[in-house]
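# Secondary and tertiary structure notes
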Amino acid sequence: MRPIRIALTKGRLEKRTISLFQTMGLNCSELINKGRRLILPVDDYEVVLAKAADVITYVEHGACDIGIVGKDTIVEKGGDYYEMTDLGFGKCYFALAAKKNFDFYNGYKEKIIASKYPNVAHSFFENKGMDVNIIKIEGSVELAPLLNFADAIVDIVETGTTLKENGLEVIEEIMPISARVIVNMASMKLRKEEIESFLSDIELAKEVSK
Ligand code: PRP
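Reading guide: rules and limits
Residues numbered from 1 in each chain as written. Predicted model: local features only at pLDDT ≥ 70, side-chain atom pairs only at ≥ 80, totals over all residues. Heavy atoms only, no water. Phe/Tyr/Trp six-rings, centres within 6.5 Å; stacked < 30°, edge-to-face > 60°. Buried < 20%, exposed > 50% of the residue type's maximum accessible area, 1.4 Å probe, protein only. Lys NZ or Arg CZ within 6 Å of the ring centre and 35° of its normal. Helix = DSSP H or I, 4+ residues; strand = E, 2+ residues; numbered from the N terminus. Pairing = 2+ DSSP bridges. 1 Å grid on protein atoms, 1.4 Å probe; cavity = no way out; pocket = protein on both sides within 12 Å on 5 of 7 lines; lining within 4 Å. Points joined across faces, edges and corners; volume = space filled by probe spheres on them. Domains from an automatic or database assignment.

Here we come to the packing of aromatic side chains. On inspection of all chains with the given rule, the structure shows seven aromatic pairs. Geometrically, the ring pair formed by F104 and Y105 is edge-to-face, given 5.0 Å between the ring centres and 80° between the ring planes. We classify F104 as buried; its relative accessible area is 2%. With 5.0 Å between their ring centres and 75° between their planes, F124 and F125 make a pair best called edge-to-face. Residues F124 and F125 agree in their burial class; the two are buried. By the ring-pair criterion, three or more aromatic residues cluster together here, those being F102, F104, Y105, F124 and F125. Here the guanidinium or amino end of K111 rests over the ring plane of F104, the centre of that ring lying 5.8 Å away.

Buried residues dominate strand β1 (residues 5-9), accounting for four of its five residues. Relative to strand β3 (residues 45-50), β1 runs parallel, the two being bridged by five bridges. Bridged to I6 within β3 is V47. One ladder, built from three bridges, connects β1 with strand β4 (residues 66-70); its direction is parallel. Counterpart to I6 in the pairing with β4 is I66.

Looking at the largest pocket, its volume works out to about 1,200 Å³. What lines the largest pocket is a set of 43 residues, and nearest its centre among them are R12, D72, K116, Y117 and I156. Elements with a minimum of two residues in the lining of the largest pocket: α3 (52-60), α4 (71-77), β6 (92-99), β9 (152-157) and α7 (161-165). If you count residues domain by domain, the lining of the largest pocket takes at least three from each of domain 1 (5-90 + 178-209) and domain 2 (92-177). Reported here for the second largest pocket is a volume of approximately 180 Å³. Here the lining of the second largest pocket takes four residues from helix α1 (residues 14-23), the largest share from any one element.

Have a look at this one:
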């Protein structure tokens, strides 16, 4: 049988996950010295480095058993898998933001919203009963209002620095975000013991690092 595969979101969540793994007593030397390799042995596990949305795809379809991914991508992408635990790091939040002092809710013209997270934006405005035109942007969404392309954005805010340095401000906080552990549904049945042991080691490590 192949090793249990853990899909890990590249970038912001990597460092904190590695230190969590180290607290779990896992040998992360290959992962730390990965170079350009994308699949790394970590003790008896195989760690796969992928973009957030792909972490979900690989876990949902069973190419990986476990995934570590932000709640932002989970809510945006949905899908069938178990969401097991909140890792308590990678904390940030979804917010509606616009140019400073812009009176967003004023006026009758349909507003244009730019976002990397169109589904999140859609349900936020649907809950408000407000019709908006949502346009998907791939990155640096803050540009859209600055270029007068959009009235506002729905995006992730962590420190608030990007908004501040670009003359934007939060209009409304939408939802808190943090890193989560997800598990493939079939793996949860077929490799129950191994997965439960990994999850209980995570819980212990979380307690230690509190
Ligand atoms: C995210 C988000 C903001 C920024 C917020 O972008 O979209 O641009 O981080 O962080 P801050 O509040 O600490 O300034 P990310 O760097 O992930 O890349 P992106 O531009 O591709 O969305």
